[in-house]
Amino acid sequence: MSTPIRSTTTAAADARIPGTHPFAAHLRRTAALEAAQPHRPWTPEDGPLPSLYLSHGGGPLPFASREWLDPLHGWARALPKPKSVLVVSAHWESAPLSVSADRPDELVYDFGGFDPLYHSFRYDTPDAGGLARQVVGLMPDAEQVHQHNRRGLDHGAWVPLKIMYPAADVPVLQLSLPTEDPDRLLALGERLRPLREQGVLVVGSGHMTHGLPFLTREMFTENRVPGWSADFDAWAADALARGDVAELARYRTAAPGMPYAHPTVEHFTPLFVTLGAATDPTAPVVTTLDGYGVGLSRRSFQAA
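Figured I'd write up the structure that's included with this text. (Residues numbered from 1 in each chain as written. Predicted model: local features only at pLDDT ≥ 70, side-chain atom pairs only at ≥ 80, totals over all residues. Heavy atoms only, no water.)

Examining the pairing of strand 1 (residues 51-55)
Counting buried positions over the five residues of strand 1 gives five, a clear majority of the element. Of the two faces of strand 1, the one lined by S51, Y53 and S55 and the one lined by L52 and L54 are each fully buried. When strand 1 meets strand 6 (residues 200-206), the two strands line up parallel, connected through five bridges. The residue bridging L52 from the neighbouring strand is V203, located in strand 6. Strand direction decides the pairing type here: strand 1 and strand 10 (residues 300-303), joined by three bridges, are antiparallel. (Buried < 20%, exposed > 50% of the residue type's maximum accessible area, 1.4 Å probe, protein only. Helix = DSSP H or I, 4+ residues; strand = E, 2+ residues; numbered from the N terminus. Pairing = 2+ DSSP bridges.)

What about the packing of helix 3 (residues 66-78) against helix 5 (residues 155-164)?
Geometrically, a packed helix pair is captured by the angle between its two axes and the distance between the axes. Contact geometry for helix 3 and helix 5: axes closest at 7 Å, N-to-C directions at 75°. In terms of orientation, helix 3 and helix 5 fall into the roughly perpendicular class. Two secondary-structure elements touch here, helix 3 through W68, L69, L72, H73, W75 and A76 and helix 5 through P160, I163 and M164. Looking at the contact of helix 3 with helix 5, its residues break down into eight nonpolar, one polar and no charged. (Axes fitted to C-alpha atoms, helices over the stretch in contact; angles between N-to-C directions. Parallel < 35°, antiparallel > 145°, perpendicular 65-115°, else oblique. Contact = heavy atoms within 4.5 Å. Nonpolar A, V, L, I, M, F, W, Y, C, P; charged D, E, K, R; others polar.)

A few points about the packing of aromatic side chains
The full count for this structure, using the stated rule, is 18 aromatic pairs. Residues Y118 and F121 carry aromatic rings whose centres are separated by 5.3 Å and whose planes lie at 70° to one another, so their mutual orientation is edge-to-face. Of the two residues, Y118 and F121, both sit in the buried class. Here the aromatic rings of W235 and F268 are separated by 6.5 Å at their centres, their planes lie at 45°, and the arrangement is tilted. Here W235 is found in helix 8 (residues 227-242), whereas its partner F268 is found in the loop between helix 10 (251-254) and helix 11 (270-277), with 33 residues between them in sequence. Using a relative accessible area of 0% as the deciding quantity, one classes F268 as buried. Within the aromatic cluster, the residues linked to one another by ring pairs are F23, F63, Y109, F111, F114, Y118, F121 and W158. In this structure, R151 packs its charged tip against the face of W92, placed 4.1 Å from the ring centre. Seen from the ring of W68, R298 lies directly overhead, with NZ or CZ sitting 4.8 Å from the centre. (Phe/Tyr/Trp six-rings, centres within 6.5 Å; stacked < 30°, edge-to-face > 60°. Lys NZ or Arg CZ within 6 Å of the ring centre and 35° of its normal.)

Put into structure tokens, the structure is as follows:
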């Protein structure tokens, strides 16, 4: 007897989303697009995929807004469809280095205060065991990687990827964020660099500004952008455009808006994995999403 395709579980859960919900409309649009123009899969002739840094939004909020839905899905479609995806998310800080389960039974619903509907969302992607073995093989012998049997994807991984690849037909593995040190994260990204040549999309998932303790009513209701968020975003955009990795690494003391933009730094530091995985970390990046949501910078980019 053949094994059922796990993405059918995702499809069944998606079918229960109310038809008027923005994400239900997104699923209809993307299904029609896929039927008319199937997403071309990556081949070796395409060369290495870029590495991505994406701002993943607040909890499940991106599911409810075309300002997130359309650009994230458009970004995915602008690239060949990867063979698999490796995500380093702000929401899994763990040392020693760890990888998620090859085929987890459950997602991590690590958010609260939202519609319970989102706790019924599924993202049952194919087995990522092959990618897990590749990742482990790229690490130094002295750095043992802990492999989890049950841990699923947290919202920094599954929320944006469900928007980008809604059919749940691309294997996804999550790698923990083991340190805050930019140099060590750049080195980690460099070790992951060969995966891009094999059709693996390497993703650092965070948020360009993430001053949650300093959100105001006006930021929620009017998307008012505070100075600390705008100033940090402008500084980061300038450094990224110049390929100034050393300046980015000095963010704690060099960046305007600190520490308000990042009272804790785990939403910024995945950027260094992204840059480390790039062929040339000092090359200017390509910005794919900018602007603000609830006053926080959504700046996202890809590095060749």
